[in-house]
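Here is what each chain is made of, one letter per residue.
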Amino acid sequence: MRVVRSILAWLLLSCFSYTAQAEPLVLSAAHAKVLLANRLNEFDIELPYAWDRFHKGQQGQAVFDLTFDATQPQTEPWGFFFQRVGNAFEIWLNGSLLEREGNVQTFNGGDYGQVPRYITVPPELIKTHNLLQVRIRADVGRKGGLTPVIIGPQAEVLPLYQSSY
């Protein structure tokens, strides 16, 4: 949480220190579908979503739908920065798989949520209206979940990832 606040403070300060091509977006509102013990719950949430805090002692899966709009057409690559995602995850943008780490169906497998993630997104995948879907597997006691996602032009987002890694 402190790292996310630091990143948000950096973003705010950077707005005053130079004129950026486009400001990064912080996606923190999501529609969640959470599967626990074969029971599906759907609700709107504000990220971060700390699995062990909400579901202590339970493993499960979740799908987070985050939406955003962008101007068209994009000509430069975008970057998507995840401070924390997982334990295992799949990240989809407008129906295209961007990255997968581990198996979201098999519990107690590899834990890929311990380090920040950065994904370069080709400009042709960014549409006027976008759906970013993050699917996770969360194991008991392994700090699974999802933090707010920072997205935008690669030149703006990559330095945020590099400073957190």
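For the structure given in this document, a descriptive report is provided here. (Residues numbered from 1 in each chain as written. Predicted model: local features only at pLDDT ≥ 70, side-chain atom pairs only at ≥ 80, totals over all residues. Heavy atoms only, no water.)

**So, the pairing of strand S2 (residues 29-36)**
Residues of S2 alternate between two faces, with Ala 30, Ala 32, Val 34 and Leu 36 buried on one and Ala 29, His 31, Lys 33 and Leu 35 left unburied on the opposite face. Alignment of S2 against strand S3 (residues 39-46), held across eight bridges, turns out to be antiparallel. The partner of Leu 35 across the bridge, within S3, is Leu 40. Counting the residues in the hairpin turn of S2 and S3 gives two residues, including Ala 37, whose phi is positive at 45°. One ladder, built from five bridges, connects S2 with strand S5 (residues 60-69); its direction is antiparallel. Among the inter-strand pairings, Ala 32 is bridged to a residue of S5, identified as Phe 64. (Buried < 20%, exposed > 50% of the residue type's maximum accessible area, 1.4 Å probe, protein only. Helix = DSSP H or I, 4+ residues; strand = E, 2+ residues; numbered from the N terminus. Pairing = 2+ DSSP bridges.)

**Regarding the side chain of Gln 74**
When you line up the elements, Gln 74 lands in the loop between S5 and strand S6 (78-82). Side-chain polar atoms of Gln 74 contact the backbone oxygen of Thr 71, separated by 2.4 Å. Leaving out residues up to four positions away in the same chain, Gln 74 has contacts with Pro 123 and Ile 126. (Polar contact = N/O pair within 3.5 Å; in protein donor to acceptor, adjacent residues only side chain to side chain. Contact = heavy atoms within 4.5 Å.)

**Side note on the nonpolar core**
By size, the foremost hydrophobic cluster in this structure holds 31 residues, and its most contacted members are Phe 64, Leu 66, Phe 80, Phe 82, Leu 132 and Val 134. Of all elements in the fold, only S2, S5, S6, strand S8 (88-93), strand S10 (117-121), strand S11 (129-138) and strand S13 (149-153) reach the threshold of two or more residues within this core. Apart from residues no more than four positions distant in its own chain, Leu 132 is found in contact with Leu 27, Phe 64, Asp 65, Leu 66, Phe 68, Phe 80, Phe 82, Ile 91, Trp 92, Leu 93 and Val 149. Residues Phe 81, Ile 150, Val 157 and Tyr 161 belong to the second largest nonpolar core, which totals six residues. (Core = buried A, V, L, I, M, F, W, Y, C linked by side-chain atoms within 4.5 Å.)

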